[in-house]
Amino acid sequence: MTTTLWGVDFSSAPSARKPVVLATGLRAGAVLRLQGIRLLPRMADFEALLATPGPWLGAFDFPFGLPRAFVLAQGLGDNAQAVITELQRRCSTRMGFRALVDGWGNTQSAGQRLLHRQTDGAMPGISSTSPLQTRYVPVGFMYYEGFSRLVQAGVHLPALHNGDTARVALEGYPGLLAHELIGRRSYKNDESSERLLARKIIVEALEQGRTRLGLRLKLTPAQAGELVADSSGDRLDAVMCLMQAGWAAVQPRHGQPANVDAVEGWITSA
C-alpha cells in the first residue's frame with residue numbers, strides 16, 4: 001500500500017486567519033507530487049487529521065522535545081512522552097507552561113534563559129527557535145499543543161514514542177531547506193516584492209530538485225502560483241515539510257540519527 005506523505009505547518013491556536021496548513025503528496029522515485037493543500041481552521045480538525053488511518057508519514061513543523069537542562073531542572077522525566085505528560089499535569093494550559101518557563105528563566109543568567117536542543121543547531125549556519133520561546137514566535141506553545149496531541153493520538157514517533165507504525169510523525173523544520181536555497185533572506189510574513197521573489201526562487205528550486213534531499217517537487221502551474229502568492233509563507237512551509245517527509249520515507253529508520261536524545265528529540269534531515 002502506498003504511503004501518503006504529509007507536511008504540516010502548525011498553529012498552536014488555529015483559526016480561519018491562521019489555520020494549520022496540510023500539504024499532501026506521493027513519492028515516485030525521485031519525484032514528489034503535491035496532491036493538494038488543506039487548511040484546518042480548528043484544533044478539532046487537526047485532531048481528526050491525526051486519527052486518519054494509515055499508512056501515512058508526516059513532517060510537522062513544531063518541536064518534539066525540550067532542552068534537556070530545563071527538563072532536568074524541573075524533574076519532568078527521562079523521555080519525551082514522560083515529559084509532555086508530566087508537563088501537562090503540572091500546567092493545565094499553555095499559559096501555565098509560559099509561567100513555568102518564565103519562573104525558571106528568571107533564575108538564570110542572561111543568555112541562558114531560552115536554551116536550545118542539540119538538534120536545533122545540527123546544521124551549520126542555522127538554528128531553529130528555542131522550544132522555550134513562548135513570545136514573538138511562540139514555538140513553546142506549538143510544542144505544548146502539538147506534541148501532546150501526537151502522543152494522545154497514539155501516533156508513532158520514532159525514538160520518542162511507540163505508537164501505530166502506520167501513522168508516523170517526524171519533526172520537520174522548513175527553515176533548513178529555505179536556508180539552503182536562499183540563505184538568510186526572508187520569504188514570508190510580508191507582501192513585498194523582495195519576499196515574493198524569494199518564495200519564487202524556493203519554489204523553482206524545489207521543482208528542479210536543487211536541494212540535498214535528492215527530490216524534485218511536481219506541481220501544477222496553479223499550485224506553484226498559490227505557493228508564491230501566499231505572503232504568510234505557511235503553504236510553502238507546509239510543502240517544505242512535505243519534502244522532508246518525502247526524503248525520510250526512503251531512508252533507513254526514516255533518517256533517524258545514530259544517537260537521539262530521548263528527551264530532546266530530533267529534526268528530520270538535519
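Preceding this section is the structure that the text describes.
Residues numbered from 1 in each chain as written. Predicted model: local features only at pLDDT ≥ 70, side-chain atom pairs only at ≥ 80, totals over all residues. Heavy atoms only, no water.

### Focus: the sheet that holds strand E5 (residues 155-156)
At step 1: With respect to topology, 7 strands assemble into an open sheet ordered E5-E6-E4-E1-E2-E3-E7, the strand pairing being mixed. Lying at the two open borders of the sheet, with one neighbouring strand each, are E5 and strand E7 (216-218).
At step 2: Bridge analysis of strand E2 (residues 20-28) against strand E3 (residues 31-40) gives 9 bridges, and the strand direction is antiparallel. If you follow Ala 28 over to E3, its bridge partner there is Val 31. (Pairing = 2+ DSSP bridges. Helix = DSSP H or I, 4+ residues; strand = E, 2+ residues; numbered from the N terminus.)

### Regarding the pairing of strand E1 (residues 4-9)
At step 1: Among the 6 residues in E1, 5 count as buried, and that is most of the element.
At step 2: Relative to E2, E1 runs antiparallel, the two being bridged by 5 bridges. In the strand pairing of E2, Gly 7 is matched with Ala 23. (Buried < 20%, exposed > 50% of the residue type's maximum accessible area, 1.4 Å probe, protein only.)

### Some details on the environment of Gln 74
At step 1: Among the structural elements, Gln 74 can be located in helix H2 (residues 68-74).
At step 2: Gln 74 sits in the buried class, given a relative accessible area of 17%.
At step 3: When sequence neighbours within four positions are dropped, the list of residues in contact with Gln 74 reads Arg 90, Leu 100 and Trp 104. (Contact = heavy atoms within 4.5 Å.)

### Comments concerning the side chain of Arg 199
At step 1: Looking at the secondary structure, you find Arg 199 in helix H7 (residues 193-208).
At step 2: Buried within the structure, Arg 199 lacks any salt-bridge partner; its nearest side chain of opposite charge belongs to Asp 230, at an N-O separation of 6.7 Å.
At step 3: Of the polar contacts made by the side chain of Arg 199, one reaches the backbone oxygen of Tyr 187; its length is 3.0 Å.
At step 4: In terms of polar contacts, Arg 199 uses its side chain to reach the backbone carbonyl oxygen of Asp 230, at 3.3 Å. (Lys, Arg positive; Asp, Glu negative; His and termini not counted. Salt bridge = Lys/Arg side-chain N within 4 Å of Asp/Glu carboxyl O. Polar contact = N/O pair within 3.5 Å; in protein donor to acceptor, adjacent residues only side chain to side chain.)

### Notes on the pattern of salt bridges
At step 1: All chains considered together, the criterion is met by 17 salt bridges.
At step 2: Between Glu 86 and Arg 89 there is a salt bridge, with the nearest N and O atoms lying 2.7 Å from each other. Placement of both Glu 86 and Arg 89 in helix H3 (residues 80-90) is noted, with a separation of 3 residues, approximately one turn of the helix.
At step 3: The partner of Asp 164 in a salt bridge is Arg 167, and the shortest N-O contact between them spans 2.8 Å.
At step 4: Take Asp 164: its relative accessible area is 32%, and that puts it in the partly exposed class.
At step 5: A residue is classified by how much of its surface remains accessible, and Arg 167, at 11% relative accessible area, is buried.

### Regarding helix H5 (residues 139-152)
At step 1: For H5, spanning 14 residues, the distance from its first C-alpha to its last is 20 Å, which sits close to the expected 20 Å at 1.5 Å a residue.
At step 2: Most of H5 sits out of view: 13 of its 14 residues are buried.
At step 3: Among the residues trailing H5, Gly 154 stands out with phi positive, at a value near 75 degrees. (Expected span 1.5 Å × (residues − 1).)

### Things to note about the packing of H3 against H5
At step 1: Relative orientation of the contacting elements H3 and H5 amounts to 115 degrees, with a least axis distance of 10 Å. Seen along the crossing, H3 lies across H5 with a hand that is left-handed. Here Ala 80, Gln 81, Val 83, Ile 84, Leu 87 and Gln 88 of H3 lie close against H5, whose contacting residues are Tyr 143, Tyr 144, Phe 147, Ser 148, Val 151 and Gln 152.
At step 2: Class assignment of the residues belonging to the contact of H3 with H5 gives a composition of 8 nonpolar, 4 polar and no charged. (Axes fitted to C-alpha atoms, helices over the stretch in contact; angles between N-to-C directions. Left-handed = near helix turned anticlockwise from the far one by under 90°. Nonpolar A, V, L, I, M, F, W, Y, C, P; charged D, E, K, R; others polar.)

These values are about where atoms sit, not about what they do.
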